[in-house]
Structures are given as C-alpha cells and as structure tokens.
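Secondary and tertiary structure notes
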Amino acid sequence: RLIVEQLIEGPQELGHYATIPSDVKLLNVSVNDSVCSINLDAAFLNSTLDVAAYIPIYSIVDSLAERAGAFSMYNTDVCRSGSTDPRTMCSGTRFR
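As a starting point, this report considers the structure included with it. Since the structure is predicted, the reported quantities are computational estimates derived from the model, not experimental observations. (Residues numbered from 1 in each chain as written. Predicted model: local features only at pLDDT ≥ 70, side-chain atom pairs only at ≥ 80, totals over all residues. Heavy atoms only, no water.)

A word on the overall build of the chain. When helices and strands are tallied, the chain shows two helices and four strands. When its helices and strands are written in sequence order, the chain yields α-β-β-α-β-β. For the chain, buried positions account for 34% of its 96 residues. In the chain, the proportion of contacts linking residues at least 24 apart, taken out of those at least 6 apart, comes to 49%. Roughly 6500 Å² of accessible area belongs to the chain as shown, and the carbon and sulfur atoms make up 52% of that amount. (Helix = DSSP H or I, 4+ residues; strand = E, 2+ residues; numbered from the N terminus. Buried < 20%, exposed > 50% of the residue type's maximum accessible area, 1.4 Å probe, protein only. Contact = heavy atoms within 4.5 Å. Areas by Shrake-Rupley, 256 points an atom, 1.4 Å probe, with all protein chains shown as cover.)

Quick look at the structure:
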C-alpha cells in the first residue's frame, strides 16, 4: 500500500516526473497466493500525464517487484474501480 501511495504522491526531487496522477485514489490492495491486486479509482484510466500509456502500470509493477524481491511476488493485478465482477475487474492487466 505504501509503495503505491508514494507513487501517487509523486517525486520530491527536481527533474523527476510523476507516473500516476495525484488525484488517483487507492481503493484497495490485497495479496493472495503470490498475486498482489491493486484497485485504483477511475482517475487512473483518465490520466492526462505526459507519459507513454504503459508507464503508469510499469511504474507500479516495477516498484512493487523491486521492493518485494523477484521471488516473492509472481503477479500483479491493477484493477478498475467500480467493478465487482471478478471475471472482468482485472481483465487484461495481469503481469508476470
């Protein structure tokens, strides 16, 4: 949770740029069977940051993997808000 919150807060150093909009809300984080699931609100999908589309996802996955270690986290799901259907909530966002 703390890692994602810090990414949302953005960098404190000059010359570094945010990878996630500061208005994104972290709704939930859970870890189950080596899968870290992150649920962010719709502001994450409506990003207007001047970065490539894949950068926000990669910044989350890379930051979590770096902190957790390569062997303790096998998958990361970044989920859309508002969906309660587990079949579609994280569709297309699983990383290995």
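This part takes up the pattern of salt bridges. Evaluation of the coordinates by the stated rule reveals one salt bridge. Among the ionic pairs, Arg-1 bridges to Glu-5, the shortest N-O distance being 3.6 Å. Exposure remark for Arg-1: the relative accessible area of 46% places this residue in the partly exposed category. Exposure remark for Glu-5: the relative accessible area of 36% places this residue in the partly exposed category. (Salt bridge = Lys/Arg side-chain N within 4 Å of Asp/Glu carboxyl O.)

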